[in-house]
Amino acid sequence: MHIDDLRALAPLWLSKTEEVRQDKSHWSTNITGDIYGMGWISEMYGYAFGAAEVGLRHKINDDIMIYPGYIPRPGIEPLILHYGLPFKAGNWSFSKLEHHEDGIVYDCNRLFPPPPFPREVEMMESDPNVKRGLFLSIECINTLNEGLLLHHASVGCPKAQWSKYLSFLKSRRFSELTKPKYWKGQKVDSTITMQHVALSKANSEYPKIHTLFSTECSSYFDWQTVGLMHSFRLSGQPGNITRLLSCTDEDLKNYKGHDLAPTHYVPSMSRHPLTGDWYPAINKPAAVLHWLNHVQTDAEFIVILDADMIMRGPITPWEYGAKLGHPVSTPYEYLIGCDNILAKIHTRNPSACDKVGGVIIMHIDDLRRFAILWLHKSEEVRADKAHYATNITGDIYASGWISEMYGYSFAAAEINLRHIIRRDIMIYPGYVPLPGAKYKVFHYGLRFGVGNWSFDKADWRNADVVNTCWAKFPEPPDPDTIMQEGLDARERDLLSIECARALNKALYLHHKRRNCPRIGTIHSTSSNKIERIAHESSRNRNRGKFESMDVAREKTVERAAATIPPVHRSRRLARSSRIWIIAVWAVSIVVFLLVISMFFTDRRRSVSRSRVSRSLKAHV
């Protein structure tokens, strides 16, 4: 497979495998062909369906591989022996399943039971094709045994004792039987190329794209990752996506979300290694720089997103006009520092300062020049505490929290990158949309609401909705209930509902993939507890104290994660109480029956004695 085809196929191969594996209602043999009816070949269907999804058409050659035990076609010399099924030669047989737990690799000079020798095979069959099949079968096991011998010798095992079989494995006859085979099939026309989604240079005028987003090792970023990855898969975005995961070594030891997205791991700079400054936002430029320095990419354009985004469609350089020297981004009007003393202090080219951020589409060559300056300027602005004031930075908290955003704008100005600013790419839910704009991204960085319902991502900073089965956010209102107060207001509310529903849909599918149990008491109890923690976070939250919020995160997550065990404990207590009551009743009944039994036994004995005495008196 061509590397470009593989890059297009790989994520769909995985997602389709997961999808088929979840489809238990269609596991039966008459539908899948799986003789066990257990969904064991879901990965194979995942490959076939993933390839179909991206338009790969295979040239199928049935003369490259054979299962030992099968009869080869006349004149065909297979290149690969696939011993996935049992096979035999005469009274000898082999099945890999019989050696599932076999430590044969570690037992010096122990081999699989030797098959018949070639001269014995010659006498077994007269049909030349069947005989060739038997020769392939013994070649397969003999090659395995030769590999074991070489491995044992390489790890220092003593020389094996002589045997007729070992002598054969070292003979010229065995060497001739196992000499390299060369394919004699028809050559594939090299001018024929496979079709797939806008990734092959031979078939597409479009450049390659790679999407990046930055996160940290926390439950807060995990649910955002689940939302973004779900929307990415649905968006039709060309190319691959990578999560830049910034973690300390300690956080990484306990982190559970490794499988949430294709990931590049980055050392955390939340606590600056030189200054000790606590500023997690600097992880974004640091992670992009680390990725550039450690990953080889053939993508021509890089799309950079934030984790708290939902994609609604593809974001491509050709649609928005990005080119070398002219990245595309969305407006951040509150970056007033581009117009005042802040820009004059931190860039030699203040007139080139663009108030942009959020979504970035940049040529890879620009990004390679720009990334180190982005990090450096972010550090520089963050250190300039004398100019944190709201009237200089536009930061309503006057805490230097948007230093990374200024680092981006000042670094771009430094190398004279002039942005194409597009207002129709991204919208904050809760904002009134521009007429006719087809937004590709929701950025739910601010509180938004519809009627009495509202959502603020910061309220969910301390709730582990990803690792708690069926946990989700409060459902937004039904679109049909939206009052017709005005077209703009209705469009605004419909977009807000769409964003919230997309997050909950992503969480639902995530829990389903994790094989969470059916929704029941555990779900409702844990969800209510997590929602209560979110509301407590909303009431007590002080946005200006970001450090204390992050320090308190672990304790609150522990409270959220501890929602289910108390439910189990209460059930166990209730169950044990019932058992004790039943046991007491049972013992009481047994004691009662014993007393009654003893009473009647004494009565019978006394009656018997009286009869005996009367009898004696009568005889006397």
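Residues numbered from 1 in each chain as written. Predicted model: local features only at pLDDT ≥ 70, side-chain atom pairs only at ≥ 80, totals over all residues. Heavy atoms only, no water.

- Per an unreviewed UniProt entry, the protein chain carries the name Hydroxyproline O-arabinosyltransferase-like domain-containing protein and comes from Panicum hallii var. hallii.
- What UniProt states about the protein chain under its Subcellular location (unreviewed entry) heading is, verbatim, "Membrane". (UniProt positions renumbered as here; feature names shortened; annotations may be inferred.)

Overview of the overall build of the protein chain
Okay, step 1: Scanning the protein chain from terminus to terminus reveals 20 helices and 16 strands.
Okay, step 2: Looking at the protein chain residue by residue over its 620 residues, the buried ones come to 43%.
Okay, step 3: Of the contacts made within the protein chain by residues no fewer than 6 positions apart, 72% connect residues no fewer than 24 positions apart.
Okay, step 4: In the form shown here, the protein chain has an accessible surface area of approximately 34,800 Å², with 57% of it arising from carbon and sulfur atoms. (Helix = DSSP H or I, 4+ residues; strand = E, 2+ residues; numbered from the N terminus. Buried < 20%, exposed > 50% of the residue type's maximum accessible area, 1.4 Å probe, protein only. Contact = heavy atoms within 4.5 Å. Areas by Shrake-Rupley, 256 points an atom, 1.4 Å probe, with all protein chains shown as cover.)

Topic: the state of the cysteines
Okay, step 1: Across all of its chains, the model carries four disulfides by this definition.
Okay, step 2: In this model C217 forms its disulfide with C247; the gap between the sulfur atoms is 1.6 Å. What sets the handedness of the C217 and C247 disulfide is the S-S torsion sign, and at about 80 degrees it is right-handed. In this pair, C217 sits in the loop between strand 5 (209-216) and helix 8 (219-235) while C247 sits in strand 6 (residues 240-247), placing the two residues 30 residues apart along the sequence. C247 matches C217 in its accessibility class, with the two residues each being buried. (Disulfide = S-S within 2.5 Å.)

Observations regarding the nonpolar core
Okay, step 1: If you look at the biggest cluster of nonpolar residues, it comprises 69 residues, and the most contacted ones within it are W223, L305, I315 and F455.
Okay, step 2: Both domains that meet at this core, namely domain 3 (207-427) and domain 4 (441-514), each give it at least three residues.
Okay, step 3: Setting aside residues up to four positions removed in sequence, I315 forms contacts with I209, Q237, V303, L305, Y320, V359, I361, K440 and V441.
Okay, step 4: Counting residues in each nonpolar core, the second largest holds 29 residues, with W291, F370, Y408 and A412 among its members. (Core = buried A, V, L, I, M, F, W, Y, C linked by side-chain atoms within 4.5 Å. Domains from an automatic or database assignment.)

Here's the deal with the sheet that holds strand 8 (residues 301-306)
Okay, step 1: The seven strands are arranged 7-6-5-8-11-10-12 in an open sheet whose pairing can be described as mixed. Unpaired on one side and paired on the other, strand 7 (263-267) and strand 12 (420-421) mark the two borders of the sheet.
Okay, step 2: Taken together, the four bridges between strand 10 (residues 328-331) and strand 11 (residues 356-363) define a ladder with antiparallel strand orientation. Each bridged residue has a counterpart across the sheet, and for V328 the counterpart in strand 11 is I361. (Pairing = 2+ DSSP bridges.)

Quick look at the packing of aromatic side chains
Okay, step 1: Summed over the entire model, instances satisfying the criterion amount to 29 aromatic pairs.
Okay, step 2: For the pair Y67 and Y70, a centre-to-centre distance of 5.5 Å together with 40 degrees between the ring planes defines the contact as tilted.
Okay, step 3: Ring centres of F448 and W453 lie 5.8 Å apart, and the angle between their planes is 65 degrees; this geometry places the pair in the edge-to-face category.
Okay, step 4: Residue classification places W453 among the buried positions, given a relative accessible area of 11%.
Okay, step 5: Through pairs of rings, three or more aromatic residues link up here, namely Y220, F221, W223, Y444, F448, W453, F455, W460 and F473. (Phe/Tyr/Trp six-rings, centres within 6.5 Å; stacked < 30°, edge-to-face > 60°.)

A word on the pairing of strand 6
Okay, step 1: Among the eight residues in strand 6, seven count as buried, and that is most of the element.
Okay, step 2: Of the pairings in the sheet, the one linking strand 5 to strand 6 comprises seven bridges and is parallel in character. Note on strand 6: the bridge partner recorded for T211 is I241.
Okay, step 3: For the crossover from strand 5 across helix 8 to strand 6, the handedness is right-handed.
Okay, step 4: Note that strand 6 and strand 7 share five bridges and pair parallel. The partner of R243 across the bridge, within strand 7, is T263. (Right-handed = clockwise from strand over helix to strand, strands pointing away.)

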